[in-house]
Amino acid sequence: AQKVTQVQTEISVVEKEDVTLDCVYETRDTTYYLFWYKQPPSGELVFLIRRNSFDEQNEISGRYSWNFQKSTSSFNFTISDSQFVDSAVYFCALSDRNPGAGSYQLTFGKGTKLSVIP
Amino acid sequence: DGGITQSPKYLFRKEGQNVTLSCEQNLNHDAMYWYRQDPGQGLRLIYYSQIVNDFQKGDIAEGYSVSREKKESFPLTVTSAQKNPTAFYLCASSLTGTGGNQPQHFGDGTRLSIL
């Protein structure tokens, strides 16, 4: 099974619609970290948010919100009132340790391509 | 401004040729990383370095080599042994490489193609 599964490969929405990008992860580690990154057409990845495994508080930042649910191993990302500039590929990533290993490794999902139609 | 600079933006490789991708950071980060991204795929780790003069293989290190002689620099060489090098290469850095909670900051990438 993949460690990080981004359920949707591609999503298209019309401007001003809300859209949720789903991310499901798998780990045996008890302390881990989850990230979301945005990759616009220019190519660089832009860090959006980090969530610690021991902090299930949801977070809102402007039009962005994140829903972390440990019980379902999900870390979903919602964009409200979507805009054309939100068009990008969004990556969910998990930082955890393999059993017996001391160091953390970051594993990325395959990404969700979001197209916002004006 | 602090950041990560990758060069060149586009690179073409001939058969049997080694090419080197440059990555420089002025964020004073200890850890640096190289990823490969293929269309429709996530990022796969090639090599990483947690400290100067030390580096470790990632998931797909075969056909690649790196060095870390300076904190600011982490060049990646794509050797002739890498039979399918066409991809988008991203360099990243983080404050430390051991805590797991440090976000990685990325450069603009280098797109490598075969002539």
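Residues numbered from 1 in each chain as written. Chains lettered and ligands numbered in written order. Predicted model: local features only at pLDDT ≥ 70, side-chain atom pairs only at ≥ 80, totals over all residues. Heavy atoms only, no water.

### What to know about the nonpolar core
General note: in soluble globular proteins, nonpolar side chains tend to be found buried as a group. Residues and elements named next belong to chain A. In this structure, Trp36, Phe77, Tyr90 and Leu114 are the most contacted members of the largest nonpolar core, which totals 23 residues. In terms of residue count, the dominant contributor to this core is strand β10 (residues 88–96) (four residues). Excluding residues within four positions of it along the chain, Phe77 makes contact with Val19, Thr20, Leu21, Trp36, Leu48, Tyr64, Ser65, Trp66 and Tyr90. (Core = buried A, V, L, I, M, F, W, Y, C linked by side-chain atoms within 4.5 Å. Buried < 20%, exposed > 50% of the residue type's maximum accessible area, 1.4 Å probe, protein only. Helix = DSSP H or I, 4+ residues; strand = E, 2+ residues; numbered from the N terminus. Contact = heavy atoms within 4.5 Å.)

### Remarks on the packing of aromatic side chains
Counted by the stated rule, this structure contains 22 aromatic pairs over all chains. On the basis of an interplanar angle of 55° and a centroid distance of 5.7 Å, the ring pair of A:Tyr33 and A:Tyr104 is categorised as tilted. With a gap of 71 residues between them, A:Tyr33 in strand β5 (residues 33–39) and A:Tyr104 in the loop between β10 and β11 (105–108) connect regions that are remote in the sequence. Each member of the pair, A:Tyr33 together with A:Tyr104, is buried. Ring centres 5.3 Å apart and planes at 50° place the aromatic pair A:Trp36 and A:Phe77 in the tilted group. Of the two residues, A:Trp36 is situated in strand β5 and A:Phe77 in strand β9 (residues 74–79); the sequence distance between them amounts to 41 residues. The exposure class assigned to A:Trp36 is buried, which follows from its relative accessible area of 0%. Grouping aromatic residues by their ring pairs yields a cluster made of A:Phe35, A:Tyr37, A:Phe47, A:Phe91, A:Phe108, B:Tyr33, B:Tyr35, B:Tyr48 and B:Phe106. (Phe/Tyr/Trp six-rings, centres within 6.5 Å; stacked < 30°, edge-to-face > 60°.)

### Things to note about the environment of A:Leu45
Along the chain, A:Leu45 falls in the loop between β5 and β6 (46–52). Its relative accessible area of 3% is what places A:Leu45 among the buried residues. Residues A:Leu45 and A:Tyr90 lie 45 residues apart in sequence; the distance between their C-alpha atoms is 8.8 Å. Contacts of A:Leu45, omitting those with residues within four sequence positions, involve A:Tyr37, A:Lys38, A:Gln39, A:Phe91, A:Phe108, B:Leu43, B:Leu90, B:Phe106 and B:Gly107.

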